[in-house]
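Summary of structural features
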Amino acid sequence: MASQIQQNLEQKNAQYASSFKEGHLALPPAKKYAVVTCMDARIDPAAAFGINLGDAHVIRNAGGNARDSIRSLVISEQLLGTNEILLIKHTGCGMLTFKNEDAHAVVEKQLGASGKQELSGLDFQPFPDLEKGVEDDVKFLKESKAIPDSVTITGWVYEVETGKVRKVA
């Protein structure tokens with residue numbers, strides 16, 4: 001039996017697909033840029049950052065983390081022609097609220113020894129300072145040999161309280 005969430009997905013998708021007219025869009029993003037941002041449910045990248053369907057790649061993960069995004073960014077640039085990266089972290093991010101030790105303790109408590117063993121070397125990559133987190137990730141991308149020097153990289157903070165963005169790096 002399908003869960004309420006699965007039923008909602010099917011119903012909303014049927015409504016969406018009934019008037020869908022964008023199947024002609026090209027595979028590469030039309031505006032040739034990629035956005036790296038957090039998976040936080042309070043962020044709607046399309047609405048908040050003016051991204052129309054087909055405009056850009058949007059890569060989401062916990063904390064809008066550059067290291068976790070590198071594989072997707074290389075594909076975006078090298079195979080699909082993007083030439084700019086907007087890295088956008090946000091206020092109130094959960095990644096500001098814990099240290100690696102805290103996350104490992106929760107995993108061990110909830111998943112037991114098998115979970116602890118499987119994730120023992122995992123760096124959850126929390127960051128204690130929002131602006132420094134943006135600056136560090138922009139620096140990582142700019143220094144990465146996987147990202148060409150010709151790619152424009154900027155770092156931003158999205159304020160979940162106001163919906164505004166501000167440039168940090």
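The following refers to the structure shown. For clarity, every value in this text was computed on a predicted model and none was experimentally measured.

Within the largest apolar cluster, 28 residues are counted, with the highest numbers of intra-cluster contacts made by Leu73, Ile85 and Leu141. Secondary-structure elements contributing two or more residues to this core are strand S1 (33–38), strand S2 (56–61), helix H3 (66–79), strand S3 (84–90), helix H5 (130–143) and strand S4 (152–158). Of all the elements, S1 adds the most residues to this core, at five residues. Ignoring any residue separated from it by four or fewer positions in sequence, one finds Leu73 in contact with Ala34, Val36, Ile59, Ile85, Leu141 and Ile147.

On to the sheet that holds S1. As summarised here, the arrangement of the five strands in space is S2-S1-S3-S4-S5, forming an open sheet in which the pairing is mixed. Every interior strand has two partners, whereas the edge strands, S2 and strand S5 (165–167), have only one. Pairs of neighbouring strands in the sheet enclose a mean axial angle of 25 degrees, with direction left out of account. As judged from the three bridges shared by S4 and S5, these two strands associate in the antiparallel manner.

Attention shifts here to the packing of aromatic side chains. Considering all chains together, one arrives at two aromatic pairs under this definition. Between Tyr16 and Phe20, the aromatic rings sit 5.4 Å apart at their centres with planes inclined by 45 degrees, giving tilted as the arrangement. Under the relative-accessibility criterion, Phe20 is labelled partly exposed at 36%. Between Arg67 and the ring centre of Phe140, over which it is positioned, the NZ or CZ distance is 4.3 Å.

On the surface, Tyr16, Phe20, Leu25 and Leu53 cluster together to form a nonpolar patch covering roughly 380 Å² of accessible area. Along the chain, the position of Phe20 falls in the loop between helix H1 (4–18) and S1.

A large share of S3 lies buried, amounting to six of its seven residues. As defined by bridge partners, S1 adjoins S3 across four bridges and the pair is classed as parallel. Within S3, the position partnered with Ala34 by the bridge is Ile85. Two elements, S3 and S4, share seven bridges in a ladder whose sense is parallel. Its bridge partner lying in S4, Lys89 is registered against Val157.

A separate point is the packing of H3 against H5. Between H3 and H5, whose axes approach to 10 Å, the crossing angle comes to 35 degrees. Of the two possible hands of crossing, H3 and H5 adopt the one that is right-handed. Contacts between H3 and H5 involve Ala66, Arg67, Ile70 and Leu73 from the former and Asp137, Phe140 and Leu141 from the latter. In terms of residue class, the contact of H3 with H5 is made up of five nonpolar, no polar and two charged.

Below, the discussion takes up the pattern of salt bridges. Under the criterion given, the structure shown has eight salt bridges. Arg166 serves as the salt-bridge partner of Glu131, at 2.9 Å between the closest nitrogen and oxygen. Of this pair, Glu131 sits in helix H5 while Arg166 sits in strand S5; the two residues are 35 residues apart in sequence, bridging distant segments of the chain. The residue Lys139 makes a salt bridge to Glu143 at a minimum N-O spacing of 3.9 Å. Residue Lys139 and its partner Glu143 are located together in helix H5, separated by four residues, close to a single helical turn. When its relative accessible area of 48% is taken as the criterion, Lys139 is described as partly exposed. Glu143 sits in the exposed class, given a relative accessible area of 55%. Each of Arg67, Lys89 and Asp137 takes part in one network of salt bridges that share partners.

Cut-offs used in this document
Residues numbered from 1 in each chain as written. Predicted model: local features only at pLDDT ≥ 70, side-chain atom pairs only at ≥ 80, totals over all residues. Heavy atoms only, no water. Core = buried A, V, L, I, M, F, W, Y, C linked by side-chain atoms within 4.5 Å. Buried < 20%, exposed > 50% of the residue type's maximum accessible area, 1.4 Å probe, protein only. Helix = DSSP H or I, 4+ residues; strand = E, 2+ residues; numbered from the N terminus. Contact = heavy atoms within 4.5 Å. Pairing = 2+ DSSP bridges. Axes fitted to C-alpha atoms, helices over the stretch in contact; angles between N-to-C directions. Phe/Tyr/Trp six-rings, centres within 6.5 Å; stacked < 30°, edge-to-face > 60°. Lys NZ or Arg CZ within 6 Å of the ring centre and 35° of its normal. Patch = residues over 30% accessible without salt bridge, like charges linked within 9 Å, V, L, I, M, F, W, Y side chains within 5 Å. Areas by Shrake-Rupley, 256 points an atom, 1.4 Å probe, with all protein chains shown as cover. Salt bridge = Lys/Arg side-chain N within 4 Å of Asp/Glu carboxyl O. Left-handed = near helix turned anticlockwise from the far one by under 90°. Nonpolar A, V, L, I, M, F, W, Y, C, P; charged D, E, K, R; others polar.

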